[in-house]
Every structure is written in structure tokens, then in C-alpha cells.
Amino acid sequence: MITQEQSIIPIDVGKLIGSVEQCRNEGYRLAQIGCTKVGDNAFEINYSFDKDYVLKNLRITVTAETEIPSITGMYWGAFVYENEMHDLFGIQVKGINIDFKGTFIRTSVKYPFGVTIVKGEKP
Amino acid sequence: MIPEPYEAIVKAIIYLLLAPVLGGLIAGIDRKVTARMQGRVGPPLLQPFYDVGKFFEKENLVVTTTQNFYALSYLVFMAVAGALFFSGGDMLLVIFAFTLSHIFLVLGAYAAFSPYSHIGAERELIQIIAYEPMIILTAVGMYMVTKSFYVGSIVQSTTPIILYLPGVFIGYLIVLTIKLRKSPFDLSTSHHAHQEIVKGVTTDFAGPNLGRIEIAHWYEYVFLLGVVYLFFAWNPFIAIAAIIIAYFLEILIDNTTSRVKWQMTLRSAWLVAGTLGVINLGVLYYLRMVVVP
Amino acid sequence: MEGGYLVQIIQLLLFLILFPLISAIVLLFAGKSFDTSWIVKISALGIGAVSLYLLAVGFDKGLITYAVSSGPVDLVMIIIELVIAVYLLYLGIRHKKYSAVILVLVQAALILWFEMTYGRHIELSYNLFFDQLSIIMALIVGIIGSLICVYSLGYMETYHQHHPEIKDRRRMFFFLLFAFLSAMFGLVFSNNLVWILFFWEITTFCSFVLIGYSQTEEATNNAFLALSMNLLGGVAFAAALIYIAAMDPSGRLLELNTLIHSGYVFAIIPAVLISFAGLTKAAQLPFSSWLLGAMVAPTPVSALLHSSTMVKAGVYIILRFAPVLTGTTEGLMIALVGGITFLLASCMAISQSNAKRVLAYSTIGNLGLIVACAGVGTYNLMWVAILLMIFHAVAKSLLFLCVGTVENRIGSRDIEDMGGLIERMPKLAVMMFIGMAGMFLAPFGMIISKWAAIEAFITAPFGLVFIVILAFGGSASLFFWCKWMGKIISVMRHQENLETGIRPEKWAVLYILTGLVVIVALIFPLISSALIEPFVMQIYGETTRLAQANITIMLLMLGLLIIMPFSMLFTGKAPRMAPPYMGGMTTEGGMKYTGSMGISHDLVLSNYYLKNYFGEEKLFMTGTLVCWGLILIALIMIVGVIL
Amino acid sequence: MGFFEMTKTALKTVMSRPATILYPYQPAKKTGLTRGHVAYDGSKCISCSICVKKCPSQAILLNKEAKTWQIDRFRCVVCSSCVDTCPSKCLFMDTQYTGPAVEKSVEVFAITYVKPAKPEKKDEPNQ
Amino acid sequence: MTYLAKSPWIIHYDASSCNGCDIEVLAALTPVYDVERFGIVNTGNPKHADVFLVTGSVNEQNREILKNTYDQMADPKVVVAIGICAASGGIFRECYNVMGGIDKVIPVDVFVPGCAARPEAIIDGVVKALGILEAKRQAMNDRPAATRKPAGDSV
Amino acid sequence: MTKQIIVPFGPQHPVLPEPIHLDLVLEDERVVDVIPSIGYIHRGFEKLVEKREFTEYVYVAERTCGICSFIHGMTYCVGVEQIMNIEVPERADYLRTIWSEYSRLHSHLLWLGLFADSFGFENLFMNAWRIRERILDVFEQTTGGRVIQGTCKIGGVRRDIANEKLAEMSSNLDSIRKEIEDLTNVFLHDDTVRHRTRNVGVLSREDAYHLGAVGPTGRGSGVAIDLRKTGYAAYGKLNFSMVTDSCGDAYSRCLVRCKELFSSIDLIQQAIRKIPDGPIEVKVTGAPNGEFFCRAEQPRGELVHYIKGNGTKFLVRSRIRTPTLSNIPSLIKMLQGCELADVPVIVLSIDPCISCTER
Ligand code: SF4
Ligand code: SF4
Ligand code: SF4
Ligand code: SF4
Ligand code: SF4
Ligand code: SF4
Ligand code: SF4
Ligand code: SF4
């Protein structure tokens, strides 16, 4: 069985910019940014970077109120993930280069992944 | 030779009645052959007639009522241009009437004040200025050979015009590609450039107006192929064969090229008119005016 | 009877020259409190009516020359010319326009030299003349020119309301307008080349002041540009006079009609020199820039310069020399200058969005076509050229005045701002539509001329070149007209009507001109047979005849065009209105849509300008170089003739 | 020459037979595995409800009181999950797809399975 | 049969399909199925179309677009919902952003089930819709124009 | 007054089977500004993990996209298997590889057709799709579905392919290869096609890398990333070389896909030669507890399925990062300053798949 190599490195929100900068300098490519709701008001955000098929994930854990800095200064294309994170989870991201202000993915429920949704009719 | 008025009127009426039938059939054959080239069965032969019949069954949906006027004018002047041609009228006058009718189509698109119609209109204009010089040079070439601008005289000329105007003929075929809205020059009208501009000039026409535009196209086909006929007018059989071959070639080109951009369209059409057309006419001019004045 | 109409006609000619002048002077000295508008109206009416009357009595007469004693008149003219020269020198030095200063000096020197050396000995008898071409010119100047004067009344009032910073010099303005008309009449009726030069210079001067009317820096610069270029022509003109006088001490050849019939050897040098002057005045490449610069003037001035006066003087004089130029290489060069100007100006117009610049390029282009016809100068091209001149004058004046009116109301002369005019100013939009149709649509005038031109060029020497030019230039002009037309007829919903508050005399002028465009198209066969054909016949001994069938067809088409709009009253099915297609986006009244980021966009559409292909700079440079080249060839050739 | 790469293909196709299947005049393409619609045999169904649970789009409803098994063909994504998981093999995948309809409706089948002890063969579903 | 039924032009809109049904709609246009045999042309422009093929379920984001596109079609017109998603929301029915089948927004004339709907089923569905189209045409002719519904309100 | 035209490009537009919207600001036909808008088909099905057991969620994952449905299902399954430490039988791995490569063939042929349509080459579109039907036939014969195959499951695959059938597929591919050769020849050598694709939408290697371009979009610019090189499924046991090109224009991206068609055929034939006999699935018990970023190479590039479970039958999170999402920043860069006529070509050159992008 082949396992794709990957590591998860938890860091503080304050160190985010520095660590991302380091990744950029080391020639890492941004593979994705993804968010997971892990508690009532706790969100894990994974910044995944790839180099030579090895995935390095920087993980910050934040609350909905935490304002996190945008990494679009280092990775121009990160705006898609940051807007998505904002629209789906309600994470506040500061200083996105192209800030859709909640119109990137418009949803019927505000911040659907930040809340519990009850829906679905009986068959 | 100016045709007799009555004869001319009869011819014009015959054209007005028969051209749509013929044009529709040509369109039907075109679609069928195209489908076969693509490995498909394709629509029934009479499909263009069904389409137009359907348009008149539909609701008259407009953005502005002035569109009705422009669409109708397009049809009327296209018919007038063709009728003039087939009744043996002055080629230049025919060309101007032909242009006039297109202007109405373009204006109709402008009238709708819609992004796609608008871009279609601009592109249609670019196409008009691309092909018009060549068409005028074609008429001039015919004059140089037959000493007349009258279709009536040209058609009776016993000179094999094509031998004198090979360059002009090729140039005409190339602009014919524009006029028949065939790839690689299908920039603006209806379903051809849909990837870029939806339906171009016809985007905001619907129902009966679309029907009128389509009938005008039929008139146009017959007229345009009529010009091909003139090149071979000394022998009607060869002429008919030439029309068929020319049209088949157009379909083939349509099916074997991608659409080029407008810059390329304008450049190639002007280049063709400016080289093939002008050189051909220049040689002819030299022969006719200088060597044998 | 014989003598009766001769006297009558000479009276009319003198009236047309002097009456506007008198009006001008009255207007200049009319007191501030004095309402001048009725003077303008009455004078205009008078001029127009007399021009028409002249047509009525003169249309069937051939060439008539009049002996008018010139002694005192010559003196007055010299004095006026010198006064003007001094004034121009003063202005030139004040504004540091030294090229203009030099040209003024050179020209004044030439004229003085001419007067000192030859002028004193020459006493011409037949100073005035008259033929069908004069009638046509008189009608253009008399009717269109005076309509423009009337229109100016309302325009200038609004103009000054909108531009409080500009000094109100309206008395001066109207003085110049009428002086201009007077000079134009003088120019077309004079047989004496010295007189023609005088009137020529007056038009230069008047246009100079009118262009600089607003006294802004731009206006002043452009005025001097116009002045310099026209003076360049004036210098050539003066040189021509000296040459003629030197060749023919009797001075008989200074009579235009004698000169024209004097044959190649005598006439070609003055013909080329004066045609050169004509090229400058008609704003042909390389001199086109002055006409574009003249757009800073109030719109009626542009209208006047473009449609009925200034530039028409340029082509008029070339037309007069067409019989001399025909078949000569020099003529061909001049024709080529015209042809290339037509082609390039039409192309350059595509890249313009300023309505007045578009009109200006179109004017330059059409004059180019006239020059081309005149330069090749065969009889049927002469016919075409005159026809072109008429159609152009009518349609172009209408368009200028329409643009002026629109500008007054919407505060912009940019075509992009004229979107949806059909909703905002329906009547005016229809008028503009007709004016533009007159410029490029079959079966209106210009296209008839184009058609005739193709048929005429095909038999002319080197005609193929011109046919090719016509084919390409014609398409280019179609493009810029049509996209403008499209702009005004696009139906933008929910627009308020801005057509209120336009003064009745403006409406009257616009209605008359619109009517003229249609009428001229309808009766052009009549114009041709009554005026143009006899004139051409008289000069060339043969003339163009229109094929009856084609006329019928065109009239039918015109009729069809007129009745087509009524089809809208009989649409079969009741239409349902839907907003335009916008990719399924939500639209608000068809004029806005909500796009990316939730931003509501106004629907913005503008025309294509294809700057990379039809940009001014490149084409202008090319045109200037080529046309200078052609002119130089012509000049070298006449130097060859002299040697 | 680069201009006419396609000409060969176009001329070849115009001469040969079109690739078109003349459906509906010719039968539709089908294979033995084609997932068309779920067929049900009420005589074998033990009402275990596994198919209900395993259906990812909740197309199946089992009513034990009324002894009916119903399927909403406008919800069924034809994934075959129910067929695979049904313990008594009373579900099959038929190769014929469900035809278009003007109204959405559910199909109700009676469960005729009685007891394993006395097997009977009343089976045809009534709709 | 009238012309309408011989020349049904279609427009396709993807409301929120997984592409499965979309590409089957496109496949129906290509040589193996070639719906142009029935005079069907894929116009892409609502103003020219008679048959509205919708794939995917409708959501908050595109309900307006669906409705606008429908409104811009000239009468008579029919709507064919292609695939399970368009019929009911299908497997995505319970997603928060999914409203359900497209009949929640515009009137649907024919449902074509399948996930993905097969090209043959799409052909069947369009053919079925033609009958309805013809009935609508007659109904429209019977109705005076003035009583026709104004632009902008559907359903 | 500015001489601009604002064009609402999409969401309903004939060149886009899927809805995406661009506010195009044009001067003449030059694009001076472009603001994209997506989200028209967002369903939010990642949230369905709360309602579907992880075993049934495969059916949802498969319907992420109707084009590479199989790869989505497989990537999800591999992710879960990694967390649960399940060893999949070797035959299943080979079958997964075969179906994956068929997906790539199907997707690339579909793309070639749509790409041809974007520059108005209708016949080429028709031809590409005609050939593609032959691939779909194989899908239907082996899985029962044309576009939604539904054969992957956690622990293996649901269906086997008989060895005779495999042999037949292999020889069938030989004739498909010939047709594809004719087809790609036109894409690569026709002058009018080159006119429309050469120097259109140029993306430099540096831009491509840092904007996160993946798949043929990246490889067309010389970014050598192909996740198959990590050796998931049976790729580790097969031989293939990565296709890249350096020009970075639409033509290069087309070239890469054309060449990949042949490498896919080759991979399938290799796999058919090497496939061992044996079981096709293992029994799965328990539930995933842990997290994994599972990556695979889709036709459009790198796909990331992030799966996090907590030991219950319901996952905590499934996050699907699809190649198109990663390619959107590059797309925006490429659209700046192009011609209106290039817009469809450039948009299609990244082979956008919005369904999976918006989920
Ligand atoms: S563009 Fe004209 S010719 Fe072509 S399909 Fe449309 S209506 Fe017919
Ligand atoms: S096939 Fe799938 S969707 Fe249909 S009923 Fe069975 S489990 Fe449910
Ligand atoms: S159909 Fe099968 S799975 Fe469903 S209830 Fe009956 S026996 Fe159980
Ligand atoms: S519901 Fe139908 S149309 Fe929509 S995505 Fe699914 S299959 Fe396609
Ligand atoms: S019905 Fe199935 S194939 Fe069609 S869009 Fe929905 S999930 Fe996709
Ligand atoms: S990118 Fe996504 S939606 Fe597109 S084909 Fe691949 S998996 Fe399917
Ligand atoms: S969409 Fe365009 S390319 Fe396709 S069939 Fe229609 S016209 Fe031809
Ligand atoms: S981009 Fe591809 S997957 Fe998406 S709709 Fe178009 S063809 Fe289908």
C-alpha cells in the first residue's frame, strides 16, 4: 500500500504569515486551504503546501471571531480559498486581494458550515 | 443592354416567388451535407422550411417594436436587390441595395441595446467592410470584360468571363465564405459564432422576425450564387456545375476550419481584394485600355 | 429681352455680393440694445430668396461674362488686403506665431509686387461671370449658408449660457458670417482671378477669426494653424497670378474663362498652383489638420466651413480648372491626393468618437473624392463631382446642425453620449438618421454619386486606381456612419425627453434642411438635367446621361424607404416586450444587471474604434508623406514646363 | 499543408455511413450490465428495510403495516446500492431505463411474501 | 403536425448538475445520437428556443437566472427537466443550498429520470414534450393576445 | 466618456454548459477587465457527510462530477482506506487504474470536442465526441453506467471485468488509437486551429507554479506535477512518462492533453497485460478514525479529498479541492488583455469543471 507522504504542523495564527512566507521561499506550491469545524466555536484551518509530492499542512485553530490574515500577498491565487472559507464558515479574513465580500459562493444559509442545518423531507 | 421593362418585371416576380424555395432547399442541402461530413444523419431536407414555418407560429417577442421594422426592411431590400439582379439590372445598384438591406439588419441589432446584439452588429459591420470592396471589384471586372454593368448584358455575353477573371473569381469565393456565414469567417450572425457572442445580430430577434431574417438569407443565397453563375454565363451547364462545386467547396471549408478572429477576417478579405482582385483587374485593364484601346 | 435678362442677372449677382456685406456691416454697428435677430433673419431670407430667383432666371442660360469696371474696386481691394495683412501681422507677433507672420509677409509682398509690376497696367473688362456652376454654388451658399446664419442665432445664445467664460462677441460673429457669405458669392461670380484671390483671402481671414472665436489657447492655436495652411495656398495663388501676368502682359489670361480655354501650355502652371491653393482650402492631406482644428469653433461655424463655404471654395476652384487638368500627369497627381485623402480620411473617421471630428473626416474624405473627380477631370467625372458637392453640402450641414443641437442639450459632442437619442430626442434623431442616410445609404445622394463615380472612373485613364480607392474608402465610410447611426437608434428605455426648449427658428432650419436632403435625392435627375448636364455639355461638348430605368428604380427604392416605417403600424401579432438577453442575469428594466460580487452594472455599450488598424497617427503620417510626395511631383512637373 | 488537415477526415466521413443510431427507429444501446431501473419482487421481500437505509437518495419507502414497498423513480439515482445489499435478492437491476413522465409519481408494490414455511408464487407487482 | 413540432429548438441550462446529465444532453447532439434528425438545434439563446432543457436541481443562486431565461423564451414553450436532480434534487436533495426539483421555480412539462439520464431517454423526453408544445400552441392561438401574460411573471 | 462595453458573459451562455459568470469589460474586443463569479451550482453536498454513512457517501462523492466520476469515487475510497488501513486486493487496484485511465480518455476527448467548439470548429467537435462514444461503450459494458460508473467501493471495486473482455478492450484500443491520431493531428497541425490557440492565454512557468496551476494547465506551462507519479492504485507498477510542454499557451495545454490520450491508452494496455487474478474486494468493518489528504491525478489535474473521521459511521469532514478551483487564479490572469474571441478558448483551455469546483 502506498501512502502519500504528508505532515500536519499546528501553528499559531500569529506565526501564519511568517511560516507561509518561509514555504514560499522554499519553493512550495499552495495546494489548498481548507477549513473544518471541530467544536462549537472552533475551526481548524489547514494550509496545504506541496513540494515534490510531499504535502506539508500548516494548521491553525481559530474561533469564528478570530480575524486571520490573508496570505494572498505570498500566494496570489489563495483568494479563492479564503473567500470560500469566509462564505462557508464565516471565517474573517483580512486583506484578501480580490475580496468578494460574501458573494463568491452565495448560499441560502449564511455560513452553512458554521451552523447545524436541519433539512430534508421524508421520502 | 437594358432589359425590356415587362420582361424585367416578369423575371423579378419569378425571382421573388422562386428564390425562397430554392434558397430554402439550398440551406437544407447544406445542412444535410454538413451533417454527413460530421458523420451524422442530419435533419430532413425540408428542415429550413419547417424552421421558418415554426418562427411564424411563435410569439412576436421583441426588445423594442422598432425591431419589427428593421427585420422587415432587411427582407424587403434583400428581395429588391435580388429582384434587380435577376431582372438584369445594374450590378452596382444591386450591390448598393444589397448593402442597404444589411445595414437594416445591423440597425435592428443596434436598436435592441443589448450587449450581444451590439457586438454582433459591430462584427457584422466589420464583415461588411471586409467583403464589400471585393464585391464591387467583381462588378467592375464584369464590366471590363463585357463592357456593361447590366446583368442582362453580362449574362448574354458569349465571352467566358472566368478566363479573364480567375483572380476575381477566387477572391469572390473567399468573400462568399463571409457572406454565406461559413467558417472560418462566421463572425457575427446567428448560431455560428455562438461561442463568443451567443447569436450576434439576431440575439434579440425572435419568432416572426427571425423568420423574416431567415427568408432574407434564402434570397441572399440565390443572389450570391447568381453572381457565381455570371462568371460562367456563356455556358449554362458549366455554370450550374460551377455553382454546385463552389457551394460544396464552401461547405467543405466550413467543416475543415475553425473560426478566425475579426482581425484576420478583415485582413484576409482586404488582402484578397487588394491583391488577387486588383492584380487581375490591373492586367485586364492594361490589356483592354492600353494594348487594345 | 436679350439685354433684359442680362441686366437682371448682373443685378442679382451684385445684390448677392453686396447685400450680405451690407447686412454684415449693419450687424457690426447695430447697437447693443438693438435686437439683431430680425436683421439676421431678413437678410438670410433675402439671400436665400434671391439665390432661388437667380436659379429661376438663370438656369437655362449658358456662360455669361460681365464687364464691370474694376479700377476703384481694385484699389479698395488692395487696401482691404493690406489692412488685413497688417492686422494679421499684429496678431501673429502677439501670439508668437512666426510661421504665420512669414507667410503673411510673403503673400503681402507677392501681392504688392504683382500690383506694382503688372497690376497697374492691367485693366480687365469681364470681371464677373455666370454659368450653371455659379448657380449651383450660389444656391449652396445662399440657401444653406443663410440657414446656418439663422440657426446660429439660437445656438450662440445657448452657447454663451453654457460657456460664461467666453467673451460674448456675437456682433462680430454675425458680421463675419455675413461677410463670409458675401466673399463666397464674390468668389463664385468673379471671373477676374485677382478678384478671386481677394475673396479667397477674405474667406481665409473670416475663418481665422471665427475659428479663434472662443479665444482659448486651443482655439487661437488652431486658428493660426488654419491661417498658415490657407496662406500657404494663398501664396501659391498669388504666385500663379504673377506667372500669368508675366506670361501675358495684356492680362487677358487673368480672366478665368479665358485662361481655362487657353490650352495646356499656358494654363497648366496656374492650374496646378491654384489647385494647390484649392487643396489647402479643401483641407486635403497633408493640410487636413486645420479643418480638424477648426472644430473648436462654435458648431454653426463648423457647419458653414464644411458644408457650404470655405472648403467648397477649394473644390470649386479645382473644378473650374478640371478641363485643364484632365489627361495630364499633374491632374492625375492632384486627383491622387484627393483619392488618398478620401481613403485615409474615411479610415481615420472609424477611430473617432467625437461627432464633429467624424463629420470633419467625412468632409475631408468627400472633398477628396470631389478633388479626385476634378483632377481626372473627364466630363462624366465633372458631372459626378458637382453632384457630390450638392449632396454633401445639404446632408453635411444638416448633420452639423443636428450635432450642434444635441450638444446644446446633452452637453457633449461625443458619439458615445448619443446613445438612445431616438428616445431622448426623437425628432432630432430622425433628422440625424436622414442626414446620415444621405451620406452613405442607397438611394440617397452620396451613394448615387459613388455609383456614378465608379461608372465614370472605369473609362477614365488610370481609373482603376480610383475605383479601388473608392471600393475600400466607401466601405470604411459605411462602417463609421453605420455605427453612429446604430448608436442613436438604440432604444434605451426610460429616458426622459430632452427635446423641449429648442427654439423654433432652430427647428425651422432643421426641418428645411431635412426636407432638402430628401428633396434633393428625389429631384436629382431634374437637377442633373437642368443644371449639371448643360454645364458639362458647355465645357466638354458631351455629357453624362442617366439611364431612365435606373432612375425609376432608385425612386422606387426611395419611395419604399419612405413607406417602410409605416409597416410598424401593421405588425401582425401583438408584440411582447422582454428585456435584452444578458446571459440570464437579473436585469432592472433592461438597463442594468447585477453581476459579479453583487455589483449592479449599468449596461454600457460602445462602438468599436479599431484604433490599431485605423488610428489617426499612423494613417495621418502616411497620408501626409504620400500626399506631399504627389504634390511635389506635380510641382516639379510644372517647373519642368517652365524650363 | 496545415490548412487542410481535416479535409481528409471530412471527405472520408461524407462517403461512409453515418455513425448515428436511428433511435427510436433502432433500439437503444444497451449492455447486460446497463443500469436501467430497479425491479422488485414482492414475493421474496422480507421487509428488512436494509434497502431503505442503504439508499443514498431515500427513494425507497417501506410500509410494514400496509405491506407495501414503494420507490420514487424521480429520486432514485440508479446506483444499485439497494440491489447489492438486499439480503433476500428480491431487487434486480433491469436494463430498461424509466421513461419520461409528465407528472412525478411513486410506484407502490405490495409485499406478498408471507412466510418461508409455505412458499407461494403470487408475485406480480400491482402498481 | 405543425411546424413547431418539426423544429424544436432547445436551450440547455445547468441549474446545478454534476455534469453527468449535461454531457449526456450534449452527447445527444453528437453523431451517435444526432438529434438534429428531429430538427433539433441547440441554440443557447432563450429567445430562439422552444424547448428548455434543465439539468440539475435549482438553488437560491440560480433560481432567478432560471426564471429569467424561461421568461425570455417566446411562447409557446415547454420545459423538460433532465435527470433526477432536476426532478427532485435527487441525491443532493438534502443539501442546504438545494431547493429541490426545478418545478419549484418554473412549470415543468416533462420529467426525464435517470442519473445520468441517457441520451435515448432525453430524446424520448423531448419527443414527449412536442405533443405538449403543440397543445400549447393551439391554446395560445385561441387566446387573444391582450390577455397573454406580461413579461416578467411566470409560474 | 469611456469607450467600454460591459458584457455579462454567462451564467447562461452557449459555450458554457456549466454556469459561470464573467463581467467582461471590453474596449473594442479587447478584454480590459474581468471579474468572475461562481457559485451558481453550489449545492453544499460536503455537508451530507453528516447524514450519509461513510459507505454510502461514495455515491455522493461519485456525483461530484459526471465527467471523472470514477476518479472522485476512487479518491474518496482510497482516502478512507488509508485512514482505516485497509489493504486493497491487487486486482482491484489494477481495475481502478484501468477505469481511471478510461475516464481520462473520455474526459480528454470530451474536452477536445468542447475546445474545438470554442473556436467554432464544429466538425472537430463532432468527431471527438464520436470517438468518445466508443469509450463510453466500454464503460457501459464494464460498469453498467455511461458517465456515472459507480463501481468503486471502500475496500475494492464492485465489479470485475472478465479476462476475455479485458483482451477485447485492449485490441479495441488499438483501433481507437488510430482514430485519435487523425483527430489530434488536426488539433496540432491545422493552421486555423493554431491561429486560434497559439499565443492565446499564455501562462509562464513561474506564474503557473505560484498561482497553483495543476494538471495539463500547469504541465502546459512546464510545471511537472502529475500525481500518478505518487503511485496510488496500480500506477506504481506501470511505466509512463509525464507529458509537459513549455509554451504555456492554449496550444500547449491542448498538446499535453493530446499526448496524454496516447499515454492513457498505453497505461491501460500495460495494466491489462499485468493484471493478476484474485479477489476484487476485502470486507470492511469499523469506521474511519483519523484524517487524510488523499490526492489523485484527475484529467484536469491534482484532486485533493480531505477526509476526517471520528470513529463513527459519519465523517466529520469531507473537503474536496478540485483542480478547477486551483486553476481559477491562473484563468483570471490569462484573461487579462485577451480578445473577446479568445475568452471561450482560454476559459476552456483550463478544462473547467464547475460542478466539482463548487460542490
Ligand atoms: S445565421 Fe442566418 S443563415 Fe445562419 S442559421 Fe442563422 S439565420 Fe440561418
Ligand atoms: S438504485 Fe440506488 S437510489 Fe435507486 S433505490 Fe436503489 S439505492 Fe436508492
Ligand atoms: S427489498 Fe430487500 S432489502 Fe429491501 S426490504 Fe425487501 S428484502 Fe429488505
Ligand atoms: S439533475 Fe439531471 S440535469 Fe441535473 S445534473 Fe442531474 S442529471 Fe443533470
Ligand atoms: S441526476 Fe445524477 S448524473 Fe444527473 S446531475 Fe444529478 S447526480 Fe449528476
Ligand atoms: S474536475 Fe471535477 S467535475 Fe471536473 S471532471 Fe474532474 S472531477 Fe469531474
Ligand atoms: S453550436 Fe455552433 S458549432 Fe455547434 S452546432 Fe451549433 S453552430 Fe455549430
Ligand atoms: S466544463 Fe466540462 S464538465 Fe464542465 S460542463 Fe463543460 S463539459 Fe461539462
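Preceding block: the structure.
Residues numbered from 1 in each chain as written. Chains lettered and ligands numbered in written order. Predicted model: local features only at pLDDT ≥ 70, side-chain atom pairs only at ≥ 80, totals over all residues. Heavy atoms only, no water.

Trainee: Explain the overall build of chain B to me, using residue names and the numbers behind them.
Mentor: Of regular secondary structure, chain B possesses twelve helices and one strand. Secondary structure elements of chain B, listed N to C terminal, follow the sequence α-α-β-α-α-α-α-α-α-α-α-α-α. Here the C-alpha atoms of chain B give a radius of gyration of 19 Å, agreeing with the 19 Å that 2.2 N^0.38 yields for 293 residues. Judged by the C-alpha coordinates and their principal axes, chain B covers about 60 × 45 × 40 Å. (Helix = DSSP H or I, 4+ residues; strand = E, 2+ residues; numbered from the N terminus. Rg over C-alpha atoms; globule rule 2.2 N^0.38 Å.)

Trainee: Quick one: what's the story with the overall build of chain F, residue by residue and with numbers?
Mentor: Each helix and strand counted, chain F has twelve helices and eight strands in total. The C-alpha atoms of chain F give 20 Å as radius of gyration, which agrees with the globular expectation for 359 residues (21 Å, within 12%). Projected onto its principal axes, the C-alpha positions of chain F cover 70 × 45 × 35 Å. The buried share of chain F, reckoned over its 359 residues, is 75%. Carbon and sulfur atoms make up 47% of the accessible area of chain F, which amounts to about 8400 Å² in all. Mean positive and mean negative side-chain charge positions of chain F (43 and 46 charges, respectively) differ by 4 Å. (Buried < 20%, exposed > 50% of the residue type's maximum accessible area, 1.4 Å probe, protein only. Areas by Shrake-Rupley, 256 points an atom, 1.4 Å probe, with all protein chains shown as cover. Lys, Arg positive; Asp, Glu negative; His and termini not counted. Charge placed at Lys NZ, Arg CZ, Asp CG, Glu CD.)

Trainee: Help me get a handle on the interface of chain B and chain C, residues and values and all.
Mentor: In this assembly, 71 residues from chain B lie in contact with 67 residues from chain C. Buried area between chain B and chain C, both sides added, is near 6100 Å², and the carbon and sulfur share of it is 78%. When the buried area of chain B at its contact with chain C is split by residue, Leu-93, Phe-96 and Phe-113 of chain B rank highest and sum to 13% of it. The interface formed by chain B and chain C includes two residue pairs in polar contact (both at pLDDT 80 or more). Taken together, the elements giving at least two residues each to the side of chain B that touches chain C come down to helix H2 (47–57), strand E1 (61–62), helix H3 (66–86), helix H4 (91–111), helix H5 (115–146) and helix H12 (262–291) of chain B. Looking at the side of chain B that touches chain C, the element that brings in the most residues is H5 of chain B, giving 16 residues. Tallied by class, the residues present in the side of chain B that touches chain C amount to 50 nonpolar, 13 polar and eight charged. (Contact = heavy atoms within 4.5 Å. Buried area = accessible area lost by both parts, 1.4 Å probe. Polar contact = N/O pair within 3.5 Å; in protein donor to acceptor, adjacent residues only side chain to side chain. Nonpolar A, V, L, I, M, F, W, Y, C, P; charged D, E, K, R; others polar.)

Trainee: Which residues make up the pairing of strand E7 (residues 301–310) of chain F, and what values go with them?
Mentor: Residue and element names in this part refer to chain F. Most of E7 sits out of view: nine of its ten residues are buried. Bridge count between strand E6 (residues 289–298) and E7: ten bridges; the pairing is antiparallel. Looking at E7, one finds that Phe-293 is bridged to Tyr-306. Once E6 ends, the chain turns through two residues before running back antiparallel as E7. Counting the residues in the hairpin turn of E7 and strand E8 (residues 315–321) gives four residues, including Gly-311, whose phi is positive at 90°. (Pairing = 2+ DSSP bridges.)

Trainee: An account of the pattern of salt bridges is requested, with residue identities and associated values reported.
Mentor: Two side chains bearing opposite charge may form a pair once their charged atoms approach each other closely. Under the criterion given, the structure shown has 49 salt bridges over all chains. A salt bridge links Glu-84 of chain A to Arg-319 of chain F; the nearest nitrogen and oxygen atoms lie 2.8 Å apart. Note that Glu-84 of chain A is positioned in helix H2 (residues 79–89) and Arg-319 of chain F in strand E8, a pairing that runs across two chains. The class for Glu-84 of chain A is buried, based on a relative accessible area of 4%. (Salt bridge = Lys/Arg side-chain N within 4 Å of Asp/Glu carboxyl O.)

Trainee: Give a detailed account of the side chain of Arg-300 of chain F, specifying residues and quantitative values.
Mentor: Within the element layout of this structure, Arg-300 of chain F appears in the loop between E6 and E7. Engagement of the side chain of Arg-300 of chain F in a polar contact is seen with the side chain of Ser-107 of chain F, the distance being 3.0 Å.

Trainee: Describe the site of ligand 5, listing the residues and the values that go with them.
Mentor: The environment of ligand 5 is made up of Ser-17, Cys-18, Gly-20, Cys-21, Ile-84, Cys-85, Phe-92, Gly-114, Cys-115 and Ala-116 of chain E together with Arg-63 and Ile-148 of chain F. The local environment of ligand 5 is shared, drawing residues from chains E and F. The set of elements that each furnish at least two residues to the shell around ligand 5 consists of helix H2 (20–29) and helix H4 (83–88) of chain E. In terms of residue class, the shell around ligand 5 is built from eight nonpolar, three polar and one charged. (Near = heavy atom within 4 Å.)

Trainee: Lay out the site of ligand 3 with the relevant residues and their values.
Mentor: Taken together, 13 residues sit near ligand 3, with Cys-45, Cys-48, Ser-49, Cys-51 and Cys-86 of chain D positioned nearest. Its residues assigned to classes, the shell around ligand 3 comprises ten nonpolar, three polar and no charged.

Trainee: Explain the interface of chain D and chain E residue by residue, including any values.
Mentor: Tallying the contact residues gives 27 residues for chain D and 28 residues for chain E. On the chain D side of the contact with chain E, Tyr-23, Pro-100 and Lys-104 of chain D bury the most area, a combined 23% of that side's loss. Asp-103 of chain E is the salt-bridge partner of Lys-104 of chain D, the closest N and O atoms lying 3.0 Å from each other. Our count for the contact surface shared by chain D and chain E stands at six residue pairs in polar contact (both at pLDDT 80 or more). Class assignment for the residues of the side of chain D that touches chain E results in 16 nonpolar, six polar and five charged.

Trainee: So, the nonpolar core: which residues are in play, and what are the values?
Mentor: Counting 626 residues, the largest nonpolar core has Tyr-47 of chain A, Phe-231 of chain B, Trp-290 and Trp-484 of chain C together with Tyr-76 of chain F as its most contacted members. Setting aside residues up to four positions removed in sequence, Tyr-76 of chain F forms contacts with Phe-54, Tyr-57, Val-58, Ala-61, Ile-154, His-305, Ile-307 and Leu-315 of chain F. Tyr-40, Ala-59, Trp-69 and Ile-71 of chain D belong to the second largest nonpolar core, which has 19 residues in total. (Core = buried A, V, L, I, M, F, W, Y, C linked by side-chain atoms within 4.5 Å.)

Trainee: An account of helix H15 (residues 355–376) of chain C is requested, with residue identities and associated values reported.
Mentor: Each α-helix winds once per 3.6 residues, and so residues spaced three or four apart point in a common direction. All names here are of chain C. Compared with the 32 Å implied by 1.5 Å per residue over 22 residues, the 32 Å span of H15 between its first and last C-alpha is a close match. For H15, the buried fraction is high: 21 of the 22 residues fall into the buried class. With a side-chain oxygen lying 2.9 Å from the backbone nitrogen of Lys-356, the N-terminal cap of H15 falls on Asn-354. (Expected span 1.5 Å × (residues − 1).)

Trainee: Quick one: what's the story with the sheet that holds strand E7 (residues 110–112) of chain E, residue by residue and with numbers?
Mentor: Residues and elements named next belong to chain E. On the basis of which strands lie adjacent, the open sheet formed by five strands has the order E2-E1-E3-E5-E7 and parallel pairing. Looking along the sheet, the strands with just one partner apiece sit at the ends: strand E2 (41–42) and E7. Across six bridges, the pairing between strand E1 (residues 9–16) and strand E3 (residues 51–56) is parallel. Residue Tyr-13 lies in a different strand from E3, and its bridge partner there is Val-54.

Trainee: Describe the packing of H3 of chain B against helix H22 (residues 548–563) of chain C, with residues and values.
Mentor: Any two packed helices are characterised by how steeply their axes cross, that is the angle between the axes, and by the distance between the axes. The contact between H3 of chain B and H22 of chain C brings their axes to 12 Å, and the two run at 170°. If you check the angle between H3 of chain B and H22 of chain C, you find them roughly antiparallel. Mapping the contact onto sequence places Val-76, Phe-77, Val-80 and Leu-84 of chain B in H3 of chain B and Ile-553, Met-557, Leu-560 and Leu-561 of chain C in H22 of chain C. A per-class count over the contact of H3 of chain B with H22 of chain C returns eight nonpolar, no polar and no charged. (Axes fitted to C-alpha atoms, helices over the stretch in contact; angles between N-to-C directions. Parallel < 35°, antiparallel > 145°, perpendicular 65-115°, else oblique.)

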